[in-house]
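Descriptive analysis of the structure
Okay, here's what each chain looks like letter by letter:
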Amino acid sequence: MVRIGAVGELFGTDGVRGVANEELTPEMAMNLGRVMGTLKKRVAIAMDTRISSPMLKSAVIAGLTSCGCDVVDLGIAPTPALQYYVKCRDEIEGGIAITASHNPREYGGIKFIQEDGREFTREMDEECERMYKSKTFRIAGWDEIGQVYHDEYKRLYVNGILSKVDRDKIAERRFKVVIDCGNGAGCVTSPYILKELGCEVVSINSHPDGRFPQRNPEPVEENVWLLKKVVKDVKADLGIAHDGDADRATFVDEKGRFIPEDVILALMAKYYVEKNGGGKVVTPVSSSRCVEDVVREAGGEVIYTPVGSPVVAETMLKVNAVFGGEGNGGLIFPEHLLARDGAMSFARVLELMALEGKPISKLVEGIPKYYMIKTKVPCKDKIKLLQGLKEKFPDANFTDGARIDYEDSWILIRPSGTEPIVRIFAEAKSKKKAKELVEFGIKVVKEILG
Ligand code: MG
């Protein structure tokens, strides 16, 4: 099984992922359905636009209903729309998203959602994995088999977002916006949300197509070259790109330049802390220092977590955070949903543009600039490496690997949970300094491992 991040053998940090019909089969999907069906009485299910998704969804539904669990099938939906539906509907005890998010075309995925709309925590995934392996399912008698219902979720979700932003202020500005849904699940909601925000909408890659004909689903800079071009060509105010299940959004400014994900994370963190007159912002240890810089200046505090969105959301709940998110375009707005939401992200960015009366390029100019360099080196003995790091850098932050902070730079040395490698991130005010730090990190790892 190929996984993203580490939990057990089956579950990664974002549910179960693998090449569809090879690593993630309908048989596995059915048994994962049986796990959830044993735990819950009524769940909602939704899928992204992947070719494998109807197959996996059918198998999951068979597993759920065989354990006496009723299912509400929402059809194609962004993962945050499913999560919002589960959160809002009292009778629904959980959700299942059939999605491989930003992974390449051949992947499929299955992710479990809690009753409050959050993703399953690591502990919950571990419990599910134990049940999956021991096959201790509660199989229903013939007259207790679960039933399948269908429901319409779009109005609920769209209104959920529109009601939280200053819609009139945004509409007044009549922004011209290019949206690139990457042929994923965002196609069925995001262009319509923009229309209802009074924007002039130009959509590209916005028909559902699981072959992802134009680009890879991950909305990183190298994949959104067409969006950058179209924003310039049509003289738009903003470009937006989603990943395959639209829980992430990345942005292009009015000049057609990609805005680094960390910069948008910092911009929103600053907006929230200023609006709340302080507060806590939660983000993984891999996030740029620019987030901490702006949050501190605005009178707030940054709380660092291990890498992965479920632990960010869990920590946000624990510390009553005003905002949180990852440096990959996954932002969490707790007044809406304790999970990443790409549409909520663009609605807030447009709101900030409208309230400040400035183009997006001017708004991000105020965010401190850093250079980040990432690399990886082989590492066969993680325990030895971590022990060595603890001896060498006793004051480092050991939330996830070792993060060593200096005056205006930092380095993160983080063993991978799934591969025999260690990732090294370094960030500094200049490219040269970041490079030196990465080289220092490589040297430290080699010294410890011998
Ligand atoms: Mg995603």
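Let me sum up the structure you'll find in this document. (Residues numbered from 1 in each chain as written. Predicted model: local features only at pLDDT ≥ 70, side-chain atom pairs only at ≥ 80, totals over all residues. Heavy atoms only, no water.)

1. Points about the overall build of the protein
Selection rule: Numbering of helices and strands runs from the N terminus; a helix is a DSSP stretch of H or I covering at least four residues, while a strand is a stretch of E covering at least two. Radius of gyration: C-alpha atoms only; globule rule: 2.2 Å multiplied by the number of residues to the exponent 0.38. Throughout, exposure labels follow a simple rule: accessible area from a 1.4 Å probe, protein chains only, divided by the maximum for the residue type, with under 20% read as buried, over 50% as exposed, and the rest as partly exposed. We call two residues in contact whenever any of their non-hydrogen atoms come within 4.5 Å of each other. Each accessible area value is a Shrake-Rupley result obtained with a 1.4 Å probe; residue values ignore everything except the protein chains displayed when judging cover. When charges are tallied, Lys and Arg are placed among the positive residues and Asp and Glu among the negative ones, while His and the ends of the chain are skipped. In this description, the location of a charge corresponds to atom NZ of lysine, CZ of arginine, CG of aspartate or CD of glutamate.
A tally of regular secondary structure across the protein gives 15 helices and 19 strands. Taken over C-alpha atoms, the radius of gyration comes to 22 Å for the protein, in line with the 22 Å a tight globule of 450 residues would show. The principal-axis extent of the C-alpha atoms belonging to the protein is close to 65 × 60 × 40 Å. Across the 450 residues that make up the protein, the buried fraction comes to 59%. Long-range contacts, defined here as pairs at least 24 residues apart, represent 70% of the contacts in the protein between residues at least 6 apart. If you sum the accessible surface of the protein, you get close to 18,100 Å²; carbon and sulfur atoms cover 50% of it. The centroid of the 64 positive side-chain charges in the protein is displaced by 4 Å from the centroid of its 67 negative side-chain charges.

2. Overview of the coordination of the magnesium ion
Coordination angles at a metal have ideal targets, namely 109.5 degrees for four tetrahedral donors and 90 or 180 degrees for six octahedral donors. Cut-off, in case you're wondering: Only nitrogen, oxygen and sulfur atoms qualify as donors, provided they sit within 2.8 Å of the metal or within 3.2 Å for Na, K and Ca; with water excluded from the atoms, sites may seem incomplete.
Here the magnesium ion is held by the protein donor atoms Ser101 (OG), Asp243 (OD), Asp245 (OD) and Asp247 (OD), which lie 2.0 to 2.1 Å from it. Here the donor residues for the magnesium ion map to a single chain with the spacing S-x141-D-x1-D-x1-D.

3. Focus on unusual backbone geometry
The residue lysine 235 is not glycine, and still its phi comes out positive at about 55 degrees. Looking at the secondary structure, you find lysine 235 in the loop between helix 8 (225-233) and strand 9 (238-242). On the basis of relative accessibility, which here comes to 68%, the residue lysine 235 falls in the exposed class. At asparagine 320, a position not held by glycine, the phi torsion is positive, near 55 degrees. Note that asparagine 320 resides in the loop between helix 11 (309-319) and strand 14 (323-325).

4. Considering the packing of aromatic side chains
Cut-off, in case you're wondering: The rule is short: rings of Phe, Tyr and Trp, with Trp giving its six-membered ring, pair when the centres are within 6.5 Å, and they are stacked under 30 degrees, edge-to-face over 60, tilted in between. A positively charged side chain is recorded as over a ring if its NZ (Lys) or CZ (Arg) lies within 6 Å of the ring centre. The angle to the ring normal must also be within 35 degrees.
Within this structure, the stated rule accounts for eight aromatic pairs. Relative to phenylalanine 120, the ring of phenylalanine 112 has its centre 5.5 Å away and its plane inclined at 75 degrees; by these criteria the two rings are edge-to-face. Between the NZ or CZ atom of lysine 390 and the centre of the ring of phenylalanine 398, over which it lies, the distance is 5.4 Å.

5. Digging into the sheet that holds strand 3 (residues 70-76)
Condition: Strand pairing is assigned whenever DSSP detects at least two bridges linking the two strands. Here the axes come from fitting lines to C-alpha atoms, over the contacting stretch only for helices, and the angles between their N-to-C directions go from 0 to 180 degrees.
Pairing in this open sheet of six strands is mixed, and the strands run 1-5-4-2-3-6 from one edge to the other. Sheet topology places strand 1 (16-19) and strand 6 (148-150) at the edges, where each strand pairs with a single neighbour. Each strand of the sheet is rotated relative to its neighbour by a mean of 20 degrees, with strand direction disregarded. Taken strand by strand, helix 1 (residues 26-39) contacts strand 1, strand 2 (42-47), strand 4 (94-98) and strand 5 (107-113), and its axis lies near 5 degrees from that of strand 5. Running at roughly 170 degrees to strand 2, helix 2 (residues 53-66) makes contact with strand 2, strand 3, strand 4, strand 5 and strand 6 of the sheet.

6. A look at the state of the cysteines
The condition that has to hold: Two cysteine sulfur atoms form a disulfide, by the criterion used here, when they sit within 2.5 Å.
The tally for this structure, following the rule as stated, stands at zero disulfides. Distance from the sulfur of cysteine 181, which forms no disulfide, to the nearest cysteine sulfur (cysteine 187) is 4.7 Å.

7. Let's talk about the pattern of salt bridges
Where charged atoms from two side chains of opposite charge approach closely, those side chains can pair. Formally: Salt bridge, as used here, is a side-chain nitrogen of Lys or Arg placed within 4 Å of a carboxyl oxygen of Asp or Glu.
Applying the stated criterion to the full structure yields 32 salt bridges. Taking the shortest distance from any N to any O, the salt bridge between aspartate 400 and arginine 414 comes out at 3.0 Å. Of this pair, aspartate 400 sits in the loop between helix 14 (382-392) and strand 17 (402-405) while arginine 414 sits in strand 18 (residues 410-415); the two residues are 14 residues apart in sequence, bridging distant segments of the chain. With relative accessibility at 16%, the residue aspartate 400 sits in the buried group. Judged by its relative accessible area of 15%, arginine 414 is buried. Through salt bridges with shared partners, a single ionic network connects Asp14, Lys111, Glu119, Asp247, Glu326 and Arg340.

8. Some thoughts on the nonpolar core
The condition that has to hold: For this analysis, a nonpolar core means a set of buried residues of the types Ala, Val, Leu, Ile, Met, Phe, Trp, Tyr and Cys, connected via side-chain atoms within 4.5 Å.
Within the largest apolar cluster, 76 residues are counted, with the highest numbers of intra-cluster contacts made by Leu197, Phe323, Phe346 and Leu350. Looking at this core, the element that brings in the most residues is helix 9 (residues 261-276), giving 10 residues. When sequence neighbours within four positions are dropped, the list of residues in contact with leucine 350 reads Ile170, Phe175, Val177, Leu194, Leu197, Cys199 and Leu238. Counting 29 residues, the second largest nonpolar core, distinct from the first, contains Val16, Leu24, Ile61 and Cys128.

9. Structural notes on the packing of helix 14 against helix 15 (residues 431-449)
Our working definition: Comment on the angle field: the value is read as roughly parallel under 35 degrees, roughly antiparallel over 145, roughly perpendicular from 65 to 115, and oblique elsewhere. In a left-handed crossing the near helix is turned counterclockwise from the far helix by less than a right angle, and in a right-handed crossing that turn is clockwise. Amino acids outside the nonpolar list (Ala, Val, Leu, Ile, Met, Phe, Trp, Tyr, Cys, Pro) and the charged list (Asp, Glu, Lys, Arg) are all regarded as polar, and Gly is one of them.
Taken N-terminus to C-terminus, the directions of helix 14 and helix 15 make an angle of 110 degrees; their axes are 9 Å apart at the nearest point. Relative to helix 15, the element helix 14 lies roughly perpendicular. The handedness of the crossing between helix 14 and helix 15 comes out as right-handed. Between helix 14, through Lys384, Leu385, Gly388, Leu389 and Lys392, and helix 15, the contact on the second element is made entirely by Val444, Val445, Glu447, Ile448 and Leu449. Here the residues of the contact of helix 14 with helix 15 are counted per class, giving six nonpolar, one polar and three charged.

10. So, the environment of proline 368
Here proline 368 lies in the loop between helix 13 (360-365) and strand 16 (371-378). In this structure the C-alpha to C-alpha distance between proline 368 and tyrosine 406, which are 38 residues apart in sequence, comes to 16 Å.

11. Brief notes about the sheet that holds strand 13 (residues 300-305)
In spatial order, the strands read 13-12-14-15; together these four strands make up an open sheet with mixed pairing. A strand with exactly one partner marks an edge of an open sheet, and here the two such strands are strand 13 and strand 15 (331-332). The pairing of strand 12 (residues 279-284) with strand 13 spans six bridges and is parallel. In the strand pairing of strand 13, valine 282 is matched with isoleucine 303. Contacts from helix 9 reach strand 12, strand 13, strand 14 and strand 15 within the one sheet, and its direction differs from that of strand 14 by about 170 degrees.

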